[in-house]
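Here's the letter readout for the chains.
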Amino acid sequence: MTDSRQARLAVDIGGTFTDIVLEIAPGQHVSGKYLTTHAAPERAVLEGTRDLLARSGVSPADIRLVVHGTTLATNALIERKGARTALLTTAGFRDSLEMAYEHRFEVSDLYMVRPEPLVPRNLRLEVDERLAADGSVLRHLDEESVRALVPVLERETVESVAVCLLHSYANGEHETRVGAILRDALPGLNVTLSHEICPEIREFERGSTVCANAYVQPIMESYLRRLDVGLKDAGIDAQVMLMMSSGGLTSLEIACAQPIKLVESGPAGGAVLAADIARKLDLPEALAFDMGGTTAKLVLIDGGMPHQSRSLEVARAYRFLRGSGMPLRVPVIDLVEIGAGGGSIGAVDALGRVQVGPESAGSEPGPACYGRGGTKPTVTDADLVMGKIDPETFAGGMISLDIGASCAALQCHIGASAQMDARTSAIAIVEVVDENMANAARVHATDNGAELEGRTMIAFGGAAPMHAARIAQKLGIDTVIVPRGAGVGSAHGFLLAPVSYEAVRTRLISLSAFDVELARSVLGEMRKEAESFVRLGVTTAAALEERISVYMRYRGQGHEVQVYLAADVLDRDPETRIRELFEMEYRRHFGRIIPKMEIECLTWTLTLAAPTPEAAAADSATASPAPAPRRTQTLVDLASMQDNPANIYHRTDLGCGASVAGPAIIAEAETNTMVPVGFTACTDTYGNLILKTGKAAA
Amino acid sequence: MSDATRNIQLQVIWSRLIAAVEEQARSLIRAGFSTSTREAGDVSAGVFNRTGEMIAQAVTGTPGHINSMARSVRHFLDEYPIDTMQEGDAYITNDPWKATGHLTDLSVVTPIFRNGRAVALFACTTHVVDIGGNGPSPESRDVYGEGLFIPIMKIVDRGEMNEHLLKIVRANVKEPIQVEGDIFALVACNDIGGARLQKIMDEYALDDIEAVGNQILERSKQAMMEAIARLPRGTWRNHMRIDGYEAPIDLHAAVTVDEMGVHIDLAGTSPASRYGINCPMCYTEAYAAFGVKCLVAPSLPNNAATLGCITITAPEDCIANASFPRPVVARSTIGMFLPDLVFGCFEQAIDDVVPAESTGTLWNIRLGVQPSGQDRGFMVTTFHSGGAGARPRLDGLSATPFPSGIRNVPVEVTEAITSLVIWKKEFREDSGGAGTYRGGLGQTMVIGNRADAPLTFYARYERVENAPKGRQGGQPGAKGRLSLGSGSARVKSKGIQTIPEKDTIIIEMPGGGGYGSPLARDPEAVAKDVMLGYVTVEGAREQYKVAFDVSGRLDRDATARLRAAG
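Calculation criteria
- Residues numbered from 1 in each chain as written.
- Chains lettered and ligands numbered in written order.
- Predicted model: local features only at pLDDT ≥ 70, side-chain atom pairs only at ≥ 80, totals over all residues.
- Helix = DSSP H or I, 4+ residues; strand = E, 2+ residues; numbered from the N terminus.
- Contact = placed C-beta atoms within 7 Å.
- Rg over C-alpha atoms; globule rule 2.2 N^0.38 Å.
- Buried ≥ 20, exposed ≤ 12 C-beta atoms within 10 Å, placed from the backbone.
- Nonpolar A, V, L, I, M, F, W, Y, C, P; charged D, E, K, R; others polar.
- Core = buried A, V, L, I, M, F, W, Y, C linked by C-beta atoms within 7 Å.
- Pairing = 2+ DSSP bridges.
- Axes fitted to C-alpha atoms, helices over the stretch in contact; angles between N-to-C directions.
- Parallel < 35°, antiparallel > 145°, perpendicular 65-115°, else oblique.
- Left-handed = near helix turned anticlockwise from the far one by under 90°.
- Domains from an automatic or database assignment.
- Expected span 1.5 Å × (residues − 1).
- pLDDT = per-residue confidence, 0-100.

Topic: the overall build of chain A
Reasoning step 1: Helix and strand counts for chain A come out as 18 helices and 35 strands.
Reasoning step 2: Taking the principal axes of its C-alpha atoms as reference, chain A extends roughly 80 × 65 × 60 Å.
Reasoning step 3: Of all intrachain contacts in chain A linking residues separated by at least 6 positions in sequence, the fraction that spans at least 24 positions is 67%.

Focus on the overall build of chain B
Reasoning step 1: Regarding its fold elements, chain B presents 14 helices and 21 strands.
Reasoning step 2: Over its C-alpha atoms chain B spans a radius of gyration of 25 Å, differing by no more than 12% from the 24 Å that the globule rule assigns to 566 residues.
Reasoning step 3: Counting only C-alpha atoms and orienting by the principal axes, one finds that chain B spans roughly 80 × 70 × 40 Å.
Reasoning step 4: Considering chain B as a whole, with its 566 residues, one finds that 58% of them fall into the buried category.

A few points about the interface of chain B and chain A
Reasoning step 1: On the chain A side, the residues contacting the 62 residues of chain B number 58 residues.
Reasoning step 2: For the side of chain B that touches chain A, the secondary-structure elements that each account for two or more residues are α1 (3–31), α2 (35–40), α5 (176–203), α6 (210–229), α7 (281–296), α11 (411–417), β14 (420–427) and α12 (523–532) of chain B.
Reasoning step 3: Take the side of chain B that touches chain A: its biggest share by element is 14 residues, from α1(B).
Reasoning step 4: Looking at the side of chain B that touches chain A residue by residue, the classes come out as 29 nonpolar, 16 polar and 17 charged.

Side note on the nonpolar core
Reasoning step 1: Among the nonpolar cores identified, the biggest contains 346 residues, and Ala274(A), Phe289(A), Ile429(A), Ile458(A) and Val342(B) are the most heavily contacted of them.
Reasoning step 2: Ranked by residues supplied to this core, first place goes to helix α13 (residues 422–447) of chain A with 13 residues.
Reasoning step 3: Those residues in contact with Ile458(A) that sit more than four places away from it in its chain are Ala274(A), Ile277(A), Ala278(A), Ala286(A), Ala288(A), Phe289(A), Ile481(A) and Pro483(A).
Reasoning step 4: Of all hydrophobic cores here, the second largest spans 20 residues; its members include Val369(B), Val409(B), Val421(B) and Ile507(B).

Quick notes on the sheet that holds strand β7 (residues 160–161) of chain B
Residues and elements named next belong to chain B.
Reasoning step 1: Pairing within the open sheet is antiparallel, and its 7 strands lie in the order β2-β1-β5-β4-β3-β6-β7. The open sheet has two edge strands with one neighbour each: β2 (54–57) and β7.
Reasoning step 2: Along the sheet face, helix α3 (residues 66–79) touches β1 (43–48), β2, β3 (90–93), β4 (105–114) and β5 (117–127) and points at about 125° away from the line of β5.

Quick notes on the sheet that holds strand β11 (residues 239–243) of chain A
All names here are of chain A.
Reasoning step 1: An order of β3-β2-β1-β4-β11-β12 is seen for the 6 strands of this open sheet, with the pairing classed as mixed. Looking at the sheet topology across the chains shown, the edges are occupied by β3 (28–35) and β12 (249–251). Neighbouring strand axes in the sheet, compared pairwise and without regard to direction, differ in orientation by 25° on average.
Reasoning step 2: In the packing of helix α10 (residues 265–280) onto the sheet, contacts are made with β1 (7–13), β4 (63–70) and β11, and the angle to β4 comes to roughly 120°.

Section: the packing of α3(B) against α7(B)
Packed helices, taken two at a time, are described by the angle between their axes plus the distance between the axes.
All names here are of chain B.
Reasoning step 1: For the pair α3 and α7, interaxial distance at closest approach is 6 Å and the crossing angle is 130°. In terms of orientation, α3 and α7 fall into the oblique class. The chirality of how α3 crosses α7 is right-handed. For the pair α3 and α7, contact is made by Ile66, Asn67, Ser68 and Arg71 and by Cys282, Tyr283, Glu285, Ala286, Ala289 and Phe290, respectively.
Reasoning step 2: Taken together, the residues of the contact of α3 with α7 sort by class into 6 nonpolar, 2 polar and 2 charged.

Here we look at the pairing of strand β32 (residues 664–667) of chain A
All names here are of chain A.
Reasoning step 1: Here β32 shows no split at all, with Ala664 and Ile666 on one side and Ile665 and Ala667 on the other all buried.
Reasoning step 2: Here strand β30 (residues 642–650) runs beside β32; their pairing, made up of 4 bridges, is parallel. Its bridge partner lying in β32, Tyr649 is registered against Ile666.
Reasoning step 3: Two strands pair when backbone bridges link them, and β32 and strand β33 (residues 672–675) are joined in this way by 4 bridges, in the antiparallel orientation. Along β33, the bridge assignment pairs Ala667 with Asn672.
Reasoning step 4: Taken together, β32 and the strand that follows it, β33, pair antiparallel across an intervening segment of 4 residues.

Side note on the domain arrangement of chain A
It is common to give the size of an interface as the accessible area that goes away when the parts come together.
Reasoning step 1: The domains assigned to chain A are domain 1 (111–212), domain 2 (265–491), domain 3 (500–609) and domain 4 (631–697).
Reasoning step 2: In this structure, domain 1 of chain A and domain 4 of chain A have C-alpha centres spaced 56 Å apart.

Re α10(A)
All names here are of chain A.
Reasoning step 1: Here α10 spans 22 Å end to end across 16 residues, near enough to the 22 Å set by a 1.5 Å rise per residue.
Reasoning step 2: Buried residues dominate α10, accounting for 14 of its 16 residues.
Reasoning step 3: Looking one or two places after α10, you find Asp282, whose phi comes out positive at around 60°.

Section: the confidence of the model for chain B
Reasoning step 1: Averaged over every residue, the pLDDT of chain B is 94; the share at 70 or more is 99%.
Reasoning step 2: Scoring of the predicted complex yields 0.92 for pTM and 0.93 for ipTM.

A closer look at unusual backbone geometry
Reasoning step 1: A cis amide bond, omega 0°, links Phe324(B) with the succeeding residue Pro325(B).
Reasoning step 2: Among the structural elements, Pro325(B) can be located in the loop between β11 (310–313) and α9 (332–335).
Reasoning step 3: The step from Phe402(B) to Pro403(B) runs through a cis peptide bond, and the omega angle for that step is 5°.
Reasoning step 4: Look at Asp573(A): it is not a glycine, yet its phi comes out positive at around 45°.

Digging into the domain arrangement of chain B
Reasoning step 1: Parsing chain B into structural domains produces domain 1 (3–221) and domain 2 (355–521).
Reasoning step 2: Placing a centre on the C-alpha atoms of domain 1 of chain B and another on those of domain 2 of chain B gives a separation of 33 Å.

A word on the environment of Arg158(B)
Reasoning step 1: With respect to the secondary-structure elements, Arg158(B) resides in the loop between β6 (153–157) and β7.
Reasoning step 2: The sequence separation of Arg158(B) and Gln86(B) amounts to 72 residues, and the corresponding C-alpha distance is 6.4 Å.

Some thoughts on the packing of helix α12 (residues 403–418) of chain A against α13(A)
Residue and element names in this part refer to chain A.
Reasoning step 1: Following both chains from N to C, one finds α12 and α13 inclined at 75°, their axes separated by 9 Å at the closest point. By the angle between their axes, α12 is roughly perpendicular relative to α13. Across the interface between the two elements, Cys407, Leu410, Gln411, Ile414 and Gly415 of α12 pack against Ala422, Ser425, Ala426, Ala428 and Ile429 of α13.

Focus: helix α11 (residues 379–386) of chain A
All names here are of chain A.
Reasoning step 1: Of all 8 residues in α11, 8 are buried, a share of seventy percent or more.
Reasoning step 2: Of the residues making up α11, those classed as buried are Val379, Thr380, Asp381, Ala382, Asp383, Leu384, Val385 and Met386.
Reasoning step 3: Where the residues of α11 are buried, they touch β21 (344–348), β22 (354–360), α12, α13, α14 (464–475) and β29 (631–637).
Reasoning step 4: One or two residues past the end of α11 sits Gly387, with phi positive at roughly 90°.

With respect to the environment of Arg450(B)
Reasoning step 1: Along the polypeptide, Arg450(B) turns up in the loop between β15 (443–449) and β16 (455–460).
Reasoning step 2: Here Arg450(B) falls in the partly exposed class, since 15 other C-beta atoms lie within 10 Å of it.
Reasoning step 3: In sequence terms Arg450(B) and Ala188(B) are 262 residues apart; their C-alpha atoms lie 42 Å from each other.
Reasoning step 4: Here Arg450(B) is in contact with Ala132(A), Leu138(A), Ser419(B) and Val421(B), once residues within four sequence places are set aside.

Quick look at the structure:
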């Protein structure tokens, strides 16, 4: 039985705003931004939904699907507002969570502080058992040692328990038994087992992941259940799906059990949107660029698929430095995050250099020009002074911008110590922040053996369209796409995501003695697991798309390269074919292979995904004439540092096919697109704004 | 172009150069084979001007290369003057005295050409798995026993790899494929840096980087001298005794701050050892300069100008300035104590900035099983550390190295590639030096073999006889200790020993020193330490004079009485 109802709802809860998009029919949307209600996040969702239903005249009963992404799990980890959690570990290993990598992530800082573990030492409890690395039993599980902990958990009023035993990725039986004993003794207790959430080698990362899941699980489950009830009460009898950090969707039930897989769902939505654009426009290589108030994110997209990864770090507490946060090993879209957004603050360092971020003025007090008490110069202030923002349409006219306050902040905090006027200070901030983002993109590309030159940039988020063209110039990129609804891009992406599940196993298999039967049985086990999860989320019996990858390395190396395998790879000559694929990938990363060196397969992933929702139909292509500009204002050209008069257009003025030449500003409620000298901008049949350099247009 | 816009442009080029060397280093780490390279980022990468002055360096894991690689390029230029270099050339060495202190580090230098003229050099260093000889053992009597010595020479000649040299390398090392892979990675990463530099020069229409380089160095020197000018002027002395190999070692330093910069003289330091714990001058300079920079200007970049403000002298052939052909493979044994040695001088000069002493040299675990019959045996090194010293206003970091920036190897990974079983790895209670701020805790590891074979244990541990000291009234951290689970025999802190079949080795690592009087530590902080098990109830009473009642709650009255009694 298929559901004939048309409407779909996408909800993205961020730290400041809850973005909601209601798709009335394919290609037809209404959207809104609502202040996030932190005490009860479902309130903003339900109120916003009611508002959009009223505006569009759609009946709640017409909504067939609700797709939801949220930063609530991430925020609970950053703000340490999760459940009182205990960790059960193998005797002798309760400190590995706190020892972390035993290193200093900032080598020169004598006063470096490591983040506190989520579970304090007195709640890290020991179980008597021990497995060997191959999963065999060195010491049998002493069940009494588990039962003896029950009174401790009660006395300490523990709400959630993480279980992480050594080598459980190779054999989960002891963990399963510990879980059963605990659930038996304490029926209301939430229990997360490490081999279920993250069956991967490396005890600290697996322990960190399982603790994070246990820590956020009670609040996430309670929130998701309240939202579900609230939607039903509002007359919305729809399937509710959750956006995961991998860019796939999952069911409410799985999200309640494994909420850690939802952590970076907002940015993942943006990447899914960008990938969809890349597929529709047939772009083999793209770069998604998302810039908001405090951070910017970059994702490489090849062949219409965002790069994937199996690890991320949340809650980086120290200047966004790698190693200063909490590692999680879950399937994620591989995004590089930089502490650079519209609210990032500029300052002059001891070398007389202008530095930007990662400190941010956030939304309170915000940039100086908001007039809410901010006195430090932010990127938004610099953008305003340079002429990149149309003050008349900013935030739909809700905020009136005080350019004098921006100039004063720039003069006082930058100009005075670096001997520059406000305008030059603004240029310095913007050049530096753009350079920081370009550099992050370059290093990320090197890490992935990718080239940036010749890619197409897809820019969304409130601040990205103001900076995209300049960063593109720096990276040798000739085409920039600013999608329709760029300000609520993530929520749009949610509606394009497939239902999916990634299963993972660590099984060290040497290629020279490749054990086909072992590989086959591991993949079979993973396929079963993935299918059982995906089928919970799809209503049809449609064929599922399968993707297999294996993380491989030369024996002795510590970093693995991800290699995608064809479904039939095990059927004939797997050793040779896998070697060829590995060598091709290795050569792409490092320029050469190492002949005769032994090759190992370490971690296997298998992803099953339901078919992607059908693409919305494009508007018909009718070239419309170039509109007349609303007015002009002075815009600084960063490449030459000259002032030029720039035409200001409203984005709605640009009909399909209309083309305008830079310098120009294209204004809309959530953002402004800067079109520099040498670029032209036009609107395509999907409503995307496409900026091209003369080189690309020729 | 106005001065202001030129200024912005300089800054953009500067940050682009830093990104270029960062890319250079990252590609080297990812392709590297040795554990210290990939787990610790034990590499370095930098860009230099025509005269061999370092303009920018990547921020990487271990400080030992910071100054040593920076100076190495001048030695290359002495051997091969810049105008004799050709496009497509690259040069290599592992000379411990001209590069980074031991044969296991390979350095490669590549000139970059513009319009037929060399305009810059990229240099990089990585730690290879093996270089032949006695491997990591400090038992060689001279550097000849420590492996293959490659004098400064061409590894690439106008685009052609030097096959003769590669052949010699392959014939001398135990892991020829991996070492050759590392050499190719060194050459390739310099090419990546060079390609980035060419793009920068294209974009900004530069013919060379002399002007940009000079401005970077001028600004850096000015900022570094401003930071040094904030220090009081004078000379301060410190002495530190460490265990040593065959005899205790005395390290002496006199730090002088004047209008020229910071000068460190190591006069009085013990003579060189018969064992490979000697430190060549380049490595001494690296760690001593690192200590000064951490205190004085941690956020300034490392380049020829900032490092040039710090000078170091040491008596000829003392253990911190060992001469050729002394054995030097374990030079970090001495090098890693130099920051704490220098800190002891600065403690007398500046208030509330200098941390207490740390464990210093790493407590790496080297264990192996000898090959027998079909069994190939194994030899493994894993990185671990005792506690770091307490800081003014902050407790010390537990089980964390200082000054090294190395990361550990996961227990599950070690057990997956060997037959070792690590039965325990946990914090060592009461090992952090007591103080107003507590020293970081050491850790205890208990290790056995699940195969029926004895283990060979390669020990070279420090701080077993001489504990890390506290500062400003803080107490020393616990000394390290080694023993067998069976208690059947004594275990020495240095040398090769056997762990009998079915027995275990117990390794208790030192704790960091405390800062300030323990009696001034907030009793609530002590109570928290007791609750978390960092400090025992007995330890709290003895060391901090803090008492608990029978139910384990902080007893304020009893504490006040204990503390009043002193």
